[in-house]
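Okay, here's what each chain looks like letter by letter:
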Amino acid sequence: QVQLAESGGGLVQPGGSLRLSCAASGAISGINVMGWYRQAPGKQRELVAGFTVDGRTNYADSVKGRFTISRDIAKNTAYQQMNNLQPEDTAVYYCNLKFSNGIQWYEYWGQGTQVTVSS
């Protein structure tokens, strides 16, 4: 069983910063990619930042230049540094892991961590 443990959410004032962490554990094998999604009240879950299979990064237009995703492959951990946070970044942030064992792809989600940007 794969588990994703998220941390780092909280309350921050506009212009502030937070760093999210997601540690993956369990039977992870083969090719894997990790990313961050978020869901604000009344809105659909959306991709914020993620890695592609070939190691490139993708960012939502709304966070480009402010958020940075990184990872420690040895620790199966992904991070998201979020700078210049704005009220519209308020959402529950979810870590996502996809991996392939060469036969099929599997997908797992973290429990979510709340990020609130407010003065």
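Scroll up to find the structure this text is about.
Here goes a summary of the coordinates provided.

## Re the overall build of the chain
- Of the regular secondary structure elements, the chain holds 0 helices and 11 strands.
- The C-alpha radius of gyration of the chain comes to 14 Å, within 12% of the 14 Å expected for a compact globule of 119 residues.
- Taking the contacts inside the chain whose residues are at least 6 apart along the sequence as the reference set, 56% of them involve residues at least 24 apart.
- Accessible surface, the chain as shown: approximately 6,400 Å² in total, 47% of it carbon and sulfur.
- Each charge class in the chain was averaged separately, 10 positive and 8 negative side chains, and the resulting centres sit 2 Å apart.

## What about the nonpolar core?
- W36, M82, Y93 and L97 are the most contacted members of the largest nonpolar core, which has 28 residues in total.
- Of all the secondary structure elements, the ones that give two or more residues to this core are strand 3 (18–25), strand 4 (31–39), strand 5 (46–51), strand 7 (67–72), strand 8 (77–82), strand 9 (91–100) and strand 11 (113–117).

## Points about the environment of Y79
- Take Y79: it is sitting in strand 8.
- Between the alpha carbons of Y79 and S7 there is a distance of 9.6 Å; along the sequence they are 72 residues apart.
- In contact with Y79, not counting residues within four places along its chain, are R19, L20, S21, W36, T68, I69, S70, R71 and D72.

## Observations concerning the packing of aromatic side chains
- Counted by the stated rule, this structure contains 3 aromatic pairs.
- On the numbers, 5.3 Å between centres and 25° between planes, the contact of F99 with Y106 is stacked.
- Look at Y106 and you get partly exposed, because its relative accessible area is 28%.
- Ring plane angle 5° and centroid distance 6.1 Å describe the contact between F99 and Y108, whose orientation is recorded as stacked.
- Every member of this aromatic cluster is reached through a ring pair, and the members are F99, Y106 and Y108.
- Directly above the aromatic system of W109 lies the positively charged group of R45, at a separation of 4.6 Å from the ring centroid.
- Sitting over the face of the ring of F51, R71 holds its NZ or CZ atom 4.2 Å from the ring centroid.

Cut-offs used in this document
Residues numbered from 1 in each chain as written. Predicted model: local features only at pLDDT ≥ 70, side-chain atom pairs only at ≥ 80, totals over all residues. Heavy atoms only, no water. Helix = DSSP H or I, 4+ residues; strand = E, 2+ residues; numbered from the N terminus. Rg over C-alpha atoms; globule rule 2.2 N^0.38 Å. Contact = heavy atoms within 4.5 Å. Areas by Shrake-Rupley, 256 points an atom, 1.4 Å probe, with all protein chains shown as cover. Lys, Arg positive; Asp, Glu negative; His and termini not counted. Charge placed at Lys NZ, Arg CZ, Asp CG, Glu CD. Core = buried A, V, L, I, M, F, W, Y, C linked by side-chain atoms within 4.5 Å. Buried < 20%, exposed > 50% of the residue type's maximum accessible area, 1.4 Å probe, protein only. Phe/Tyr/Trp six-rings, centres within 6.5 Å; stacked < 30°, edge-to-face > 60°. Lys NZ or Arg CZ within 6 Å of the ring centre and 35° of its normal.

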